[in-house]
Each structure stands twice: as structure tokens, then as C-alpha cells.
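# Overview (structure and organization)
In case you want the letters, here they are:
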Amino acid sequence: MKAIVCDDYGPIENLRLADQAPPVPGKGQLRVRNYAIGVNFPDGLLVQGLYQARPDTPFVPGCEFAGVVEAIGPGTTGFAVGDRVACYTPNCGAWAEQVVLYANCAIRIPDSMPFADAACILCAHGTAHHALRQRAKLQAGETLLVLGAAGGTGLAAVQIGKAMGARVIAACSSAEKLDIAKANGADELINYSQQDLKTALKELTGGKGVDVVYDPVGGEAFDAATRCMARNGRLLVVGFASGQIPKFPVNLALVKEYAVLGVFWGSFVVHEPKVFAGNMAEMFSWYEQGKVRLVLDEQLPLAQAVPALQKVMNRQVKGKVVLLP
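Presented here is a report on the structure given in the accompanying data block. Source: prediction; values computed, not measured.

## Focus: the nonpolar core
In this structure, Ile121, Leu122, Leu132, Leu144, Tyr214 and Leu236 are the most contacted members of the largest nonpolar core, which totals 56 residues. Of all the elements, helix 10 (residues 273–289) adds the most residues to this core, at six residues. Ile121 has contacts with Glu64, Met113, Gly126, Met280, Met283, Phe284, Tyr287 and Leu294, leaving out every residue within four places of it along the chain. Residues Ala3, Ile4, Val5 and Phe79 belong to the second largest nonpolar core, which totals 43 residues.

## Quick word on the sheet that holds strand 11 (residues 210–215)
Spatially, 10-9-8-11-12-13 is the arrangement adopted by the six strands of the open sheet, whose pairing is parallel. A single partner strand is all that each edge strand has here, and the edge strands are strand 10 (188–191) and strand 13 (259–262). Between one strand and the next, the sheet's axes are offset by a mean angle of 20 degrees, whatever the strand orientation. Pairing analysis gives four bridges linking strand 9 (residues 167–172) to strand 10, with the strands arranged parallel. Note on strand 10: the bridge partner recorded for Ala170 is Leu189. In this fold helix 6 (residues 197–204) packs onto strand 8 (143–147), strand 9, strand 10 and strand 11, with an angle of close to 165 degrees to the strand it touches most, strand 10.

## Some details on the state of the cysteines
On inspection of all chains with the given rule, the structure shows zero disulfides. Note on Cys92: no disulfide assigned, nearest cysteine sulfur contributed by Cys63 at a separation of 7.5 Å. The thiol of Cys172 is unpaired, and the distance to the nearest cysteine sulfur, on Cys228, comes to 17 Å.

## Regarding the pattern of salt bridges
The tally for this structure, following the rule as stated, stands at 15 salt bridges. The shortest N-O distance in the salt bridge between Lys318 and Glu176 comes to 3.8 Å. Residue Lys318 is located in the loop between helix 11 (305–313) and strand 15 (320–324), and its partner Glu176 is located in helix 5 (residues 175–183); the two are separated by 142 residues in the primary sequence. Assessed through its relative accessible area of 21%, Lys318 is described here as partly exposed. Within the structure, one salt-bridge network assembled from shared partners comprises Arg31, Arg33 and Glu70.

## Details of the environment of Leu144
Turning to its location among the elements, Leu144 is positioned in strand 8. Of the residues examined, Leu144 reaches a relative accessible area of 0% and is grouped as buried. Taking C-alpha positions, Leu144 is 11 Å from Ala230, a pair spaced 86 residues apart along the chain.

## What to know about unusual backbone geometry
Of note, the amide linkage connecting Thr57 to Pro58 takes the cis form, showing an omega dihedral of -5 degrees. Among the secondary structure elements, Pro58 is positioned in the loop between helix 1 (41–47) and strand 4 (64–72). Positive phi is not limited to glycine here, since Asn232 has a value of about 70 degrees. Within the element layout of this structure, Asn232 appears in strand 12 (residues 229–237). Classification of Asn232 by relative accessible area gives partly exposed; the value is 49%. One non-glycine residue, Glu257, lies in positive phi territory at about 55 degrees. By the secondary structure assignment, Glu257 is in the loop between helix 8 (250–256) and strand 13. A relative accessible area of 43% places Glu257 in the partly exposed class.

Rules used in this analysis
Residues numbered from 1 in each chain as written. Predicted model: local features only at pLDDT ≥ 70, side-chain atom pairs only at ≥ 80, totals over all residues. Heavy atoms only, no water. Core = buried A, V, L, I, M, F, W, Y, C linked by side-chain atoms within 4.5 Å. Buried < 20%, exposed > 50% of the residue type's maximum accessible area, 1.4 Å probe, protein only. Helix = DSSP H or I, 4+ residues; strand = E, 2+ residues; numbered from the N terminus. Contact = heavy atoms within 4.5 Å. Pairing = 2+ DSSP bridges. Axes fitted to C-alpha atoms, helices over the stretch in contact; angles between N-to-C directions. Disulfide = S-S within 2.5 Å. Salt bridge = Lys/Arg side-chain N within 4 Å of Asp/Glu carboxyl O.

The following block contains the structure:
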């Protein structure tokens, strides 16, 4: 089979396409024939050695994919050959034609869901859902600010915020990106390359501030958001796509009485698998109702993994990029 291999931590362009023997499922495992792979910002951090996790090299990157069960290991129950599944691999391995994983990391997908959609709904939408449902406990009628609202997880937060009944303010760096956020349900739009984010938020909230901030960007946008929080607000730290990890002046949380909450979806999946399963059931229900959808920027063959990942890391993606083995 073909797979993308990271031999050593370093530049993304060092990733290579290699031939490997098909993996054999062990006890409690499945082998899935891979039809679509989601490409995510943490994948780029991981192969460069900049992520929280550091698997032993060489390894096959990637954490989310979708396909069909083609082999079942000893003692594995709950699945049959031919089942259509979306999968999360906490130990990487998704960027390959065939993948072995534990059965509890696979989720059956609706027959109506294309593999490309299924491959992309776990990480980005899963992160946004966990952030807004469990961490922020977002309530209907609250104001939600989404930074980087045209990226994969930003668009997911816009959609999920609307599904949960929030008033959604989308902040992006261009008019083109704001158009995408608006098409996905954003109520208010801020172009922070042309507008002062703090001033715009003050005007849009009548000086009250924002109840919940969803921030996968960091940098200057985070700094502005820290000064625009409502009392009892929740500021969600999701990631640092800007490349700048900000320093937080804790006196702001004291004076305004708001909370700063970390969001690490991978840890959540491992530590609270039953809650994660409930989240995905709700997500698939919203998908079938049309409340959430996948915006696919580009679909590329597996051999084009390097340019696909570079596009994500350069923040040139509107929605998600998909690899097709």
C-alpha cells in the first residue's frame, strides 16, 4: 500500500510517499480501506516537532479519515466487513491507503454522508462542538465571536454556534473569507485587516462585550478579544494558527470576571469517550438536518499531501482540504 511517511521531525516538504506492507489487525482492531483523509493544522505542527505529542519516527501522520471496514481482528465486535466508518487515530497513521485502528476509534456514518465529508467532520467540527458544548456551555441567545471564521474549525464553530442558538460574530482577514462565514450562518462580520477588532466588537455588543470567544488563531486577535469579554464570559483557547502564542494579562479576567478555558479535543476523546460518542451522534443528526455541513476547499490525491498541508499551514484554506488515497 501507499502511505505518507515522516522519517524525522523537520520541514513539511521532507514528507515522502512510500510503499508499505498492508497492516494486519490485532485483537480489538479493524483494518479500514481508506477513501478520504482530513488535513488539519495540528498535522503540520506534528511533523515539524512543534505539537504537544511526539510519536517515535518514522511514522505516518494524520488523525482523521473515512472508509470501509475490510478486515476484523480477533475478538473484535460491533463491526462487520463492509461497514462505512469515520475514524480518529490518536496515534497518527491516517495518511495511508489502509489503516489499522482500535474499533472504539471508529464511528458508523450515515449512508447519505460522502466519505470526504465523513473524513473531515471529526477533528474540526469535533473540536468546535466540544469547545462550545462542554467547555463554554454556550447558551441560546448568547453572543459568540469566532476568530479565523473561514478556516475548517472556524467555520465549524460558526455552524455549531448557530445550531445551538447563539448570535454569531465572524472575524476574518478578508472580504472573501467573510462571505464564506456569512454563507455558513454568521450574523455579523468583522474584517480585522481593515477594522479595529476591539472597536467593532464594542459597537456590535453595545458595550456589553462577548459572551464566548472561539479562538484558533492567537496573536493580535486574541489580545483584542481579551479586552472585549462580557462579565461571566468564556474565552476558548483552541490554537495558534497565527504562529504567535499570546501572553495573557490575568488582571483582565479578574476585573471583568470571565474565564479562560483550554480546548484540547484529542485529550477529550481519550478521557471522555462516551461524551465524545454523544457529541458525534448530535453532530450526525445536525448534518442530516442540514444544520452543519462540510465546506471542502480542495480534494487532492494522497501523493499531493505536502502541498495540501502547506496550504493549510499558510492559512490559505477556506473550509477543509481532503486527501483521496
